[in-house]
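The chain contents come next:
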Amino acid sequence: MTETSIVFPCDYPIKVVGDVRPNFHEEVFNVVAKHDPTMTSDRVSQKTSRKGNYVSISFVMLATGESQLKSLFEDLKEIESVRLVL
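Now for a look at the structure at hand. Position labels on residues start from 1 in each chain and follow its written sequence. In keeping with the model being predicted, local features are shown solely for residues with a pLDDT of at least 70 and side-chain atom pairs are shown and tallied solely at 80 or more, while totals for entire chains, interfaces and linings include all residues. By convention in this description, side-chain values take in all heavy atoms of the structure and omit both hydrogens and water.

Along the polypeptide, histidine 35 turns up in helix H1 (residues 24-35). Exposed residues in this analysis have more than 50% of their type's maximum accessible area, buried residues have under 20%, and partly exposed residues fall in between, with area computed by a 1.4 Å probe over protein chains only. A relative accessible area of 15% means that histidine 35 is categorised as buried. Those residues in contact with histidine 35 that sit more than four places away from it in its chain are Met61, Gln68, Ser71, Leu72 and Asp75. Per the convention used, a helix needs a DSSP run of H or I reaching at least four residues, while a strand needs a run of E reaching at least two, with both numbered from the N terminus. Contacts between residues were defined by any pair of non-hydrogen atoms, one from each residue, lying within 4.5 Å.

Right, let's talk about the sheet that holds strand E1 (residues 10-19) for a bit. Taking strand neighbours across the sheet as the criterion, the 4 strands line up as E2-E3-E1-E4 in an open arrangement whose pairing is antiparallel. Where the open sheet ends on each side, the last strands, each with one partner, are strand E2 (44-48) and strand E4 (82-85). Each adjacent strand pair in this sheet contributes to an overall mean axis angle of 20°, direction not counted. For two strands to be treated as a pair, DSSP must find no fewer than two bridges joining them. Bridging between E1 and E4 involves 3 bridges; their strand directions are antiparallel. When the sheet's bridge partners are listed, valine 16 is paired in E4 with valine 85. A fitted line through C-alpha atoms represents every axis, and for helices the fit uses only the stretch in contact; the resulting angles, taken between N-to-C directions, go from 0 to 180 degrees. Here H1 sits on the sheet in contact with E1, E2, strand E3 (54-63) and E4, set at roughly 15° to E3. Its contacts with the sheet put helix H2 (residues 66-77) on E1, E3 and E4, and the angle it makes with E3 is roughly 160°.

Moving on, we get to the pairing of E3. Where E1 lies against E3, 10 bridges are found, and the strand directions are antiparallel. For lysine 15, the partnering residue across the bridge sits in E3 and is serine 58. Alignment of E2 against E3, held across 5 bridges, turns out to be antiparallel. Paired with glutamine 46 across the two strands is isoleucine 57, which belongs to E3. Once E2 ends, the chain turns through 5 residues before running back antiparallel as E3, passing glycine 52 with a positive phi of about 80°.

Here the expected length of a helix is defined as 1.5 Å per residue gap, with one fewer gap than residues. Taking 1.5 Å per residue as the helical rise, H1 with its 12 residues ought to reach 16 Å, and the 17 Å between its terminal C-alpha atoms agrees with that figure. Turning to H1, its buried residues number three or more, namely Phe24, Val28, Val31, Val32 and His35. In a view along the axis of H1, the buried residues occupy a sector of 95°, so they form one face of it. On its buried face, H1 is in contact with E1, E3, H2 and E4. Throughout, the arc means that of the directions going from the helix axis to the C-beta atoms.

What follows is the structure, given as structure tokens:
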């Protein structure tokens, strides 16, 4: 089995799943924008679960290195409503 490594910089997709609540999208966007200042709203999509309990927000960000991604994932997990970061 060959190990695949990421070549930085690159476009990197991230999905954040969390509880539906006011300002969730804004909180998540602000964290991602902190780690990727080039982030714009056209690189973001959002989908609510069938029952309306959860929302998933997908981003395509400019990843510059493993430390950036690690810090981003840690900051996203600090948001109380976040349930999953992929």
